[in-house]
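Structural features, examined
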Amino acid sequence: MSRRFFITTPIYYVNGAPHIGHAYTSIAADVMARWKRLDGFDVFFLTGTDEHGQKVEQAAVATGVDPQAHVDRLSADFRAMAEAMGVSFDDFIRTTEARHKRACAAFWDRLVASGDVYLGAYEGWYALRDESFYNDDELTTLPDGTRLAPTGAPVSWVKEPSYFFRLSAWQDRLLAFYDANPEVIGPPSRRNEVLSFVRQGLKDLSISRSGFRWGVPVPNDPDHVMYVWVDALVNYISALGFPDENGPLWRFWPADLHLLAKEIVRFHAVFWPAFLMSAGLEPPRRVFAHGWWTVEGEKMSKSVGNVIDPRALVAEFGLDPVRYFLLREVPFGSDGDFSRRALIGRLNVELANDLGNLSQRTLSQVARNLGGRLPAIAAPTEDDEALLSLAAALPDQLRELIDRQALHEALETVWKVVRAGNAYVDRQAPWALRKTDPDRMAAVLRVLADTLRAVATVLQPFMPDSMGRMLDQLGVPVEARSLAGLAVPLPGGTVLPAPSGIFPRFAEQAA
RNA sequence: GGCGGCGUAGCUCAGCGGUAGAGCAGGGGAAUCAUAAUCCCUUGGUCGGCGGUUCAAAUCCGUCCGCCGCUACCA
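The name recorded for chain A in an unreviewed UniProt entry is Methionine--tRNA ligase, from Rhizosaccharibacter radicis. What UniProt records for chain A under Function (unreviewed entry) is the sentence "Is required not only for elongation of protein synthesis but also for the initiation of all mRNA translation through initiator tRNA(fMet) aminoacylation." Of the comments in the UniProt record for chain A, the one headed Subcellular location (unreviewed entry) reads "Cytoplasm".

1. Some words on the protein's contact with RNA strand B
Around RNA strand B sit 43 residues, and of these D50, E193, K203, R266 and N357 come closest. Sugar plus phosphate: this is where 67% of the atoms of RNA strand B within 4 Å of the protein reside. For RNA strand B, a sugar or linking oxygen lies 2.4 Å from a polar atom in the side chain of E193. One of the backbone nitrogen or oxygen atoms of S206 is found 3.5 Å away from a base oxygen of RNA strand B.

2. Things to note about the packing of helix α1 (residues 20–38) against helix α11 (residues 319–328)
The contact between α1 and α11 brings their axes to 10 Å, and the two run at 90°. Our classification of the angle between α1 and α11 gives roughly perpendicular. Contacts between α1 and α11 involve I20, Y24, I27, A28, D30, V31 and R34 from the former and R323, L326 and L327 from the latter. Partitioning the contact of α1 with α11 into residue classes produces 7 nonpolar, no polar and 3 charged.

3. A short note on the layout of surface pockets
Computed from the structure, the second largest pocket encloses a volume of approximately 460 Å³. If you go around the second largest pocket, you meet 22 residues; those closest to its centre are A392, D450, A454, L486 and A487. Secondary-structure elements contributing two or more residues to the lining of the second largest pocket are α13 (382–392), α14 (394–403) and α17 (438–459). With 6 residues, the single largest contributor to the lining of the second largest pocket is α17. Among the residues making up the lining of the second largest pocket, the classes are represented as 17 nonpolar, no polar and 5 charged.

4. Some remarks on the sheet that holds strand β18 (residues 336–338)
Here we have 3 strands laid out as an open sheet, ordered β17-β16-β18, and mixed in their pairing. Unpaired on one side and paired on the other, β17 (298–299) and β18 mark the two borders of the sheet.

5. Observations concerning helix α10 (residues 310–317)
Every buried residue of α10 is accounted for by P310, L313, V314 and F317. The buried residues of α10 occupy one face: seen down the axis, they fall within an arc of 100°. Contacts made by the buried residues of α10 are with α1, α3 (67–84), α11, β18 and α12 (340–369). Looking one or two places after α10, you find G318, whose phi comes out positive at around 95°.

Parameters at a glance
Residues numbered from 1 in each chain as written. Chains lettered and ligands numbered in written order. Predicted model: local features only at pLDDT ≥ 70, side-chain atom pairs only at ≥ 80, totals over all residues. Heavy atoms only, no water. UniProt positions renumbered as here; feature names shortened; annotations may be inferred. Near = heavy atom within 4 Å. Polar contact = N/O pair within 3.5 Å; in protein donor to acceptor, adjacent residues only side chain to side chain. Axes fitted to C-alpha atoms, helices over the stretch in contact; angles between N-to-C directions. Helix = DSSP H or I, 4+ residues; strand = E, 2+ residues; numbered from the N terminus. Parallel < 35°, antiparallel > 145°, perpendicular 65-115°, else oblique. Contact = heavy atoms within 4.5 Å. Nonpolar A, V, L, I, M, F, W, Y, C, P; charged D, E, K, R; others polar. 1 Å grid on protein atoms, 1.4 Å probe; cavity = no way out; pocket = protein on both sides within 12 Å on 5 of 7 lines; lining within 4 Å. Points joined across faces, edges and corners; volume = space filled by probe spheres on them. Pairing = 2+ DSSP bridges. Buried < 20%, exposed > 50% of the residue type's maximum accessible area, 1.4 Å probe, protein only. Arc of directions from axis to C-beta.

Here's what the structure looks like:
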């Protein structure tokens, strides 16, 4: 088994401020990246920004700034958002960087060399005023037959020279690829959509534009810039040093997981593998699409004014509760609804009451009744063994679940142990044992401490800061916090710091 | 229109051939170590309608009703 792991988010298009959807993808990828590191993998976690295209060029012109200055500002905002969300990326690629343009040019040359690129003409309804093509279904037709763009500009049928990628030639090879790699697209519903899309027949893909300049130049044809597909997708290999296949990072290719939102599955599961195979490179091992969030039951939109700013959310509730909520509330891969009420419920019930309080009630008894020293392990009773074995099973269970991106199930699995822990405390009643059987009380508290250690260890990728503090309070040295480290018991007598609450309950301010 | 999916307790969903499940919400009780946090018990469903296969169907097949996704060049 390969011990290296390459995971990516999409590069985010800089046509607005980052919102909860961007944060969601990045946080989910972060959890997986952190999990793999915890499990001893050599991880490369890539994110970044997509900065070319006509929309960006127009936005820059509209605000009277140079496109590069415009994207510098927006890209920095995305990067700051990732950092604010605790996203532990190893590299942040920007499509305006020289290394990316070099990779794109080399990649383009490979496609040309394979015979899959030809010069043709892209046809469509074009509005001269907007300098933009429109789809048929976007147009309105006046009684006199004039067609108008959504902007009100008149359109005419225009042919523009464009390079094409011979995607039509790749249909059978793509189907064979999906067939040989059934896990390459997830969840299964997305796989089905991709399969039916490819089966219905593929058209050649326009991969250059000559109507605007803000893009990567096409080699040997200064009239063209690369259109989005090639430019954007190549980021995944430009960050690995392509075309230098002897560079230090190239060993990370092919990507183990491209994580993305459902609307860009096709680009990643159809176009990208075809490009890569054409270029003589391996296609990604897995592409997984998650769903979209609504807000309080409504679609998120600028006009409704309900777009969630992830940083505002973190300012109010804290980073870890937000990360937890996003991954716990909804089966990963499905759509979900974001509501204050639901977030507060998860925070108060699951984080504060279930987990935070289990830690607090355990550690406060250790502090008060045992002088703050971790008791030694005693011979386990049947009840002890039941709880400990549940906790010990967590790493293997989560490995399997996280490998198939079932993040919500991973959290549910951990919470079964947390609930079992609370039930165990009540059954054993160490506060009563304090008077009748202090040794047994110590043994019970040790069982609880070990259970909490396992829980906190596997939850570190989800809530790095909070679980770090919990492990501090449990006396677990930083170097003993990996999955491998969990196998080595802490010595009895370890002095624990004074416990303090990790997840305060959230009280809604009275209006 | 074509292809695919879904419809199970008040809510969110799991189960996918063998006497209906979880979490939350509701009701009752216990405990008091703990962030008044916990634990135990419990109410509640003709598993969208109809028909079929089977000794046996949420579970397979057909059909109808209702929702949803995909059906390519904004990313």
